[in-house]
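Geometric and topological summary
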Amino acid sequence: GAADVTVTNSTFGSGVTNLSIVNAGANTAGPVSVTLNSATAVSAVSTGTAFTTVDVVDTSTTAASTGSTLTNVTVTKATGAVTLTGNAISTVNLNAATGGTTITAATGTRALTINTAGTTDSTTVTDSKATSVTLNETSAAVMTTLTAAVATAVNVNTTGTATNAGSESIVAAKMTALTLD
């Protein structure tokens, strides 16, 4: 059967700072849902069958900014939508996230770095609040479409063996600087 994973603040208490969910089995990996107020890093990694969806929500309430604790998210093998919610998400690592990734934030004063890995392209990433985006493609995998609504600077680094490197579509209406490396 499917292995569904749901983690909330009450699952472990509020002191979890790093959460790793690993599916190494051949069974069907179901959806992953994580809602925490203390985690700085969350990873959902499947070395077996891909997760169907991954949903990670930061509900921290530090100072005046809700959702400002989670900074790093890693997703490996997700066939459905990857939905990330948090104001401080600054690094997203994707490997075979083929259902598209959406990052939702209420504030826009952050830089975002997206790292692709593996041999399977990670399709799309959409972020409507990041003010700058760096896309690092350091393997054979690429990301097909980047949509960054308010980013004024986009940097694309293709230092790996990406066979489709440079064929990405970048949608950034406010972009004033594009760097390709």
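Reading the values: rules and limits
- Residues numbered from 1 in each chain as written.
- Predicted model: local features only at pLDDT ≥ 70, side-chain atom pairs only at ≥ 80, totals over all residues.
- Heavy atoms only, no water.
- Helix = DSSP H or I, 4+ residues; strand = E, 2+ residues; numbered from the N terminus.
- Buried < 20%, exposed > 50% of the residue type's maximum accessible area, 1.4 Å probe, protein only.
- pLDDT = per-residue confidence, 0-100.
- Pairing = 2+ DSSP bridges.
- Axes fitted to C-alpha atoms, helices over the stretch in contact; angles between N-to-C directions.

Focus: the environment of L180
As for its position among the elements, L180 is in strand β18 (residues 177-180). What makes L180 exposed here is its relative accessible area of 62%. Once the C-alpha coordinates of L180 and V156 are considered, the two residues, 24 residues apart in sequence, prove to be 4.9 Å apart.

Quick notes on the confidence of the model for the chain
Confidence in the prediction of the chain, expressed as mean pLDDT, is 82, and 83% of residues score 70 or more. No element of the chain has a lower mean pLDDT than strand β6 (residues 61-62), which averages 53, and none a higher one than strand β8 (residues 72-78), which averages 94.

What about the pairing of strand β12 (residues 111-116)?
As defined by bridge partners, strand β10 (residues 91-97) adjoins β12 across four bridges and the pair is classed as parallel. Counterpart to T91 in the pairing with β12 is T113.

Some details on the sheet that holds β10
Strand order in the open sheet made by the eight strands is β2-β4-β8-β10-β12-β14-β16-β18, with parallel pairing throughout. Either end of the sheet is taken by a strand with one partner, and the two such strands are β2 (18-23) and β18. Neighbouring strand axes in the sheet, compared pairwise and without regard to direction, differ in orientation by 10 degrees on average. In this sheet, β8 lies alongside strand β4 (residues 41-46) in parallel orientation, the contact comprising five bridges.

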